[in-house]
Amino acid sequence: MLVVAVAAATDDAAALSRDLLASATATAVLERRCGQPIRAEVDRAAHKDPTPEQRKRLGVGPEERVAYRSVVLRCAGVPFSVAENWYVPARLTPEMNAALEQGERPFGAVILPLQPHRKPLEQLLAGIAPYVLRHRALVLDAEGRALAEVVENYTAAVLK
């Protein structure tokens, strides 16, 4: 189910939202807008357990590990997005898990070999200050398995 709230949205924020909905990963959209690779500034101390609803959407039981990653995605040092990501490590390769746990690459860049695509759950274009847009989505692999649930908050800098 896609929930959409659009009140007084700018044309630029609405265009960004359309780009995100049409793209396999948010990382790809941000890199096109930035013109260079996006860096993920990871808060390694952050932790949030998935809700029962998130576990259901991810298709995992109460005992299966779901990892959490909180990041600021930056273009040339400028924050474009503040994102949360609950992902299923068992559905990624050991190399992907190591890159996510230790590196600064965005989730979308790390999982690209799995041919990801997004299933939108919610988009908000109003009432989310200081952000201009929020997307919540499931990230699926080429076979339709849920890899992650993401909540992405976009800053005005991504619109410039």
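As the structure is a computational prediction, the values presented were derived from the model and not from experiment.

As a further point, take the overall build of the chain. Counting secondary structure elements, the chain contains five helices and seven strands. For the chain, the N- to C-terminal ordering of α and β elements is β-α-α-β-α-β-β-α-α-β-β-β. Compactness check: the chain gives a C-alpha radius of gyration of 15 Å against a globular reference of 15 Å for 160 residues, within 12% of the reference. Dimensions of the chain, computed from C-alpha atoms along their principal axes, come out at roughly 40 × 35 × 30 Å. Counting over 160 residues, the chain shows a buried share of 51%. Relative to all contacts within the chain whose residues are 6 or more apart in sequence, the contacts with residues 24 or more apart total 60%. Carbon and sulfur atoms make up 54% of the accessible area of the chain, which totals about 8,000 Å². The averaged location of the 19 negative side-chain charges in the chain is 2 Å from the averaged location of its 20 positive side-chain charges.

As a further point, take the nonpolar core. In terms of nonpolar packing, the biggest core is built from 22 residues, with Leu16, Phe80 and Tyr154 touching the most fellow members. Put simply, the parts of the chain that give this core at least two residues each are α1 (11-22), α2 (26-34), β2 (39-42), β3 (67-75) and β4 (78-87). By size, the runner-up hydrophobic cluster in this structure holds 14 residues, among which are Ala67, Leu92, Met96 and Val139.

This next bit is on the state of the cysteines. Going through the model one piece at a time under the given rule, you end up with one disulfide. Note that Cys34 is cross-linked by a disulfide to Cys75, the S-S spacing being 1.8 Å. Torsion about the S-S bond of the Cys34 and Cys75 cystine: about 80°, corresponding to right-handed handedness. Of the two residues, Cys34 is situated in helix α2 and Cys75 in strand β3; the sequence distance between them amounts to 41 residues. A residue is classified by how much of its surface remains accessible, and Cys34, at 15% relative accessible area, is buried. Given a relative accessible area of 8%, Cys75 falls into the buried group.

Turning to the pairing of β3, a few remarks are in order. On any regular strand, side chains alternate: one points to one face of the sheet, the next to the other face. Of all nine residues in β3, nine are buried; the element is thus mostly enclosed. Alternating positions in β3 separate into two faces, Ala67, Arg69, Val71, Leu73 and Cys75 on one and Tyr68, Ser70, Val72 and Arg74 on the other, with burial throughout. The pairing of β2 with β3 spans four bridges and is antiparallel. Bridge pairing in β3 links Glu41 to Val72. Pairing geometry for β3 and β4, over nine bridges, is antiparallel.

Scoring rules and cut-offs
- Residues numbered from 1 in each chain as written.
- Predicted model: local features only at pLDDT ≥ 70, side-chain atom pairs only at ≥ 80, totals over all residues.
- Heavy atoms only, no water.
- Helix = DSSP H or I, 4+ residues; strand = E, 2+ residues; numbered from the N terminus.
- Rg over C-alpha atoms; globule rule 2.2 N^0.38 Å.
- Buried < 20%, exposed > 50% of the residue type's maximum accessible area, 1.4 Å probe, protein only.
- Contact = heavy atoms within 4.5 Å.
- Areas by Shrake-Rupley, 256 points an atom, 1.4 Å probe, with all protein chains shown as cover.
- Lys, Arg positive; Asp, Glu negative; His and termini not counted.
- Charge placed at Lys NZ, Arg CZ, Asp CG, Glu CD.
- Core = buried A, V, L, I, M, F, W, Y, C linked by side-chain atoms within 4.5 Å.
- Disulfide = S-S within 2.5 Å.
- Pairing = 2+ DSSP bridges.

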